[in-house]
Amino acid sequence: MSSVEWELVCGLEVHAHLKTRTKMFCRCELSYGAAENTHTCPVCLAHPGALPVPNGRAIEMTILLGLALDCEIAGHAVFARKNYFYPDLPKGYQISQYEAPLCGAGKFVLPTVDGEREIGIVRAHLEEDAAKTVHAGGATGRSVGADYSLVDFNRGGTPLLEIVSAPDLRSADEAMAYLRLLRQTIRELGVSDADMEKGTLRADVNVSVRRAGEEGFRPRWEIKNMNSFRFIGRAIEAAFRQQVQAHEAGEEVVQSTYDYDADTDRLTVHRSKEEADDYRYFPEPDLVPVEPAAELVERLRGEVPERPAERIRRLAGELGFASAEELVLTGNERKAEALASVGVDLKDAAAIAMNRGDFLPENAEALARIVQANVTREALDEAFAAAAEGPIDAEQYLSQRTLGDEDALTPVIDAVIAAHPEQVETFRGGKEGVLGFLVGQVMRETQGKADPKVVNRLLREKLRG
Ligand SMILES: [Zn+2]
């Protein structure tokens, strides 16, 4: 199979639950984990005559996100009815945005090891989530084999942000890198927890393929409601393989919705794709258009913090791309920068931030002194544990310095060498791996106070000499 000639064309539609206090069009509180159907009212249960009132905070959060993605913010946005029938949609339509979304075209700069990739953002809009169908009874608890289904309306009406990327992603890895960094951006803006395990972040994945150099697009497959990074990557790769195979065999590739089966690692047709016409979109007659004031947009523009992509680029110069990306994606770079700002070498600070628990920012200076004083591992552990709880006193830990003094270590090292002739022979025979054991013995003799680097050096000198 000549798959090298084929190029992946992938776009993502990312949905994130907004972290507002209340739902999109009523005053019910958001209620993850609450007892079923305890956070409902006539509006989100679609009682006749109940009218929606938009959540202003959700609109602000959407604009904030749009600004962070360099989107054009609409002066005139319109809510629209998307009509379809499903048991978890009591109105028979979802209030969404169609022709006039709050956020128009933008871009997402994705730093990579080879530089930068610009992923187009087509739009970002605001809608309400459907309720949650729970398949019950039966052997599997899944829809297939379930005896009956229940609906929990707590989720119905939760504000949902949808971010649609252009089909600019060219590999499964790139799609996941985009998704990870977008998730981090959403989280740092404080607009959503964006947690796939809790269902507050989901993605629809669009995949097609084309010959390298080919213009235009071939029919695409849409894989809906993906909520696992691993499966998203595997589904993209499976879709690529299957489509290339079909094109090369001269089979028709039909544009449709597909399901990914992790057991067989294959995609199967879900149902024929609804065309936009099927939804009979029309402007929501119960809501007036949203026209954000210029002052509001400017105020929100001022609230956009330095974006994670920018921090990765800034830190990559000193730390290398992989470390910078890991540091930012784990949300640890603020700790690293706090330590670096009080004198710890940025590389050391990055390693500490990744490997040590959280600490209160007010402790950064004390921790920097302790780190630089080369104290024992135990003292370091204690200091960081205490630094997460409350203010710490550096002096308390500075006395527990590492034993790096050669004169003090030499007799201990001599004793360890004398006590382990077999290991010494092994080392001299060329198996240097045994050195770790001897270093361990010295560490034990010194109750962990010896500096392992110095011990390592002294041991080598003595064993070679
Ligand atoms: Zn409600």
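Our subject is the structure listed above.
Residues numbered from 1 in each chain as written. Predicted model: local features only at pLDDT ≥ 70, side-chain atom pairs only at ≥ 80, totals over all residues. Heavy atoms only, no water.

1. Points about the side chain of glutamate 333
Applicable threshold: The secondary structure listing takes helices from DSSP runs of H or I that are at least 4 residues long and strands from runs of E that are at least 2 residues long, numbered from the N terminus. Burial classes follow relative accessibility: with a 1.4 Å probe on protein chains only, a residue under 20% of its type's maximum area counts as buried, one over 50% as exposed, and anything between as partly exposed. For this analysis, a polar contact is any N or O atom pair within 3.5 Å, provided that within protein one partner can donate a hydrogen and the other can accept it, and provided that sequence-adjacent residues contribute only side-chain to side-chain pairs. The contact rule is simple, with two residues in contact once any of their heavy atoms fall within 4.5 Å.
One can find glutamate 333 in helix 7 (residues 333–341). Taking the relative accessible area as the measure of exposure, glutamate 333 reaches 1% and is therefore buried. A polar contact is formed between the side chain of glutamate 333 and the side chain of arginine 311, at a distance of 2.3 Å. With near-sequence residues (within four places) excluded, glutamate 333 lies in contact with Glu188, Arg311, Leu315, Leu327 and Val328.

2. Some remarks on the coordination of the zinc ion
Applied cut-off: In this analysis a donor is any N, O or S atom within 2.8 Å of a metal ion (3.2 Å for sodium, potassium and calcium), and since water is not included, sites may seem incomplete.
All of the protein donors around the zinc ion are Cys26 (SG), Cys28 (SG), Cys41 (SG) and Cys44 (SG); their distances to the metal are 2.3 to 2.4 Å. Mapping the donors of the zinc ion onto the primary sequence gives the spacing C-x1-C-x12-C-x2-C. For the pair formed by cysteine 26 and cysteine 28, the shared burial category is buried.

3. Some remarks on the side chain of asparagine 363
Mapped onto the elements of the fold, asparagine 363 is located in the loop between helix 8 (346–355) and helix 9 (364–372). Assessed through its relative accessible area of 2%, asparagine 363 is described here as buried. Every residue in contact with asparagine 363, bar those within four places of it in the chain, is listed here: Ala387, Gly390, Pro391 and Ile392.

4. Some words on the pattern of salt bridges
To keep things clear, this is the line we draw: Salt bridge criterion: a side-chain nitrogen from Lys or Arg within 4 Å of a carboxyl oxygen from Asp or Glu.
Taken as a whole and judged by the stated rule, the model has 34 salt bridges. With a shortest N-O distance of 3.3 Å, aspartate 70 and arginine 307 are connected by a salt bridge. Separated by 237 residues along the polypeptide, aspartate 70 in the loop between helix 1 (56–68) and strand 2 (79–83) and arginine 307 in the loop between helix 4 (294–303) and helix 5 (308–319) bring together distant segments of the chain. With a relative accessible area of 37%, aspartate 70 lands in the partly exposed category. Note that arginine 314 and glutamate 337 form a salt bridge whose closest N and O atoms lie 2.8 Å from each other. A residue pair is termed long-range when its members are at least 10 positions apart, and arginine 314 in helix 5 and glutamate 337 in helix 7 qualify at 23 residues. When its relative accessible area of 42% is taken as the criterion, arginine 314 is described as partly exposed. Taken together, the salt bridges that share partners define one network made up of Arg57, Glu60, Arg299 and Glu303.

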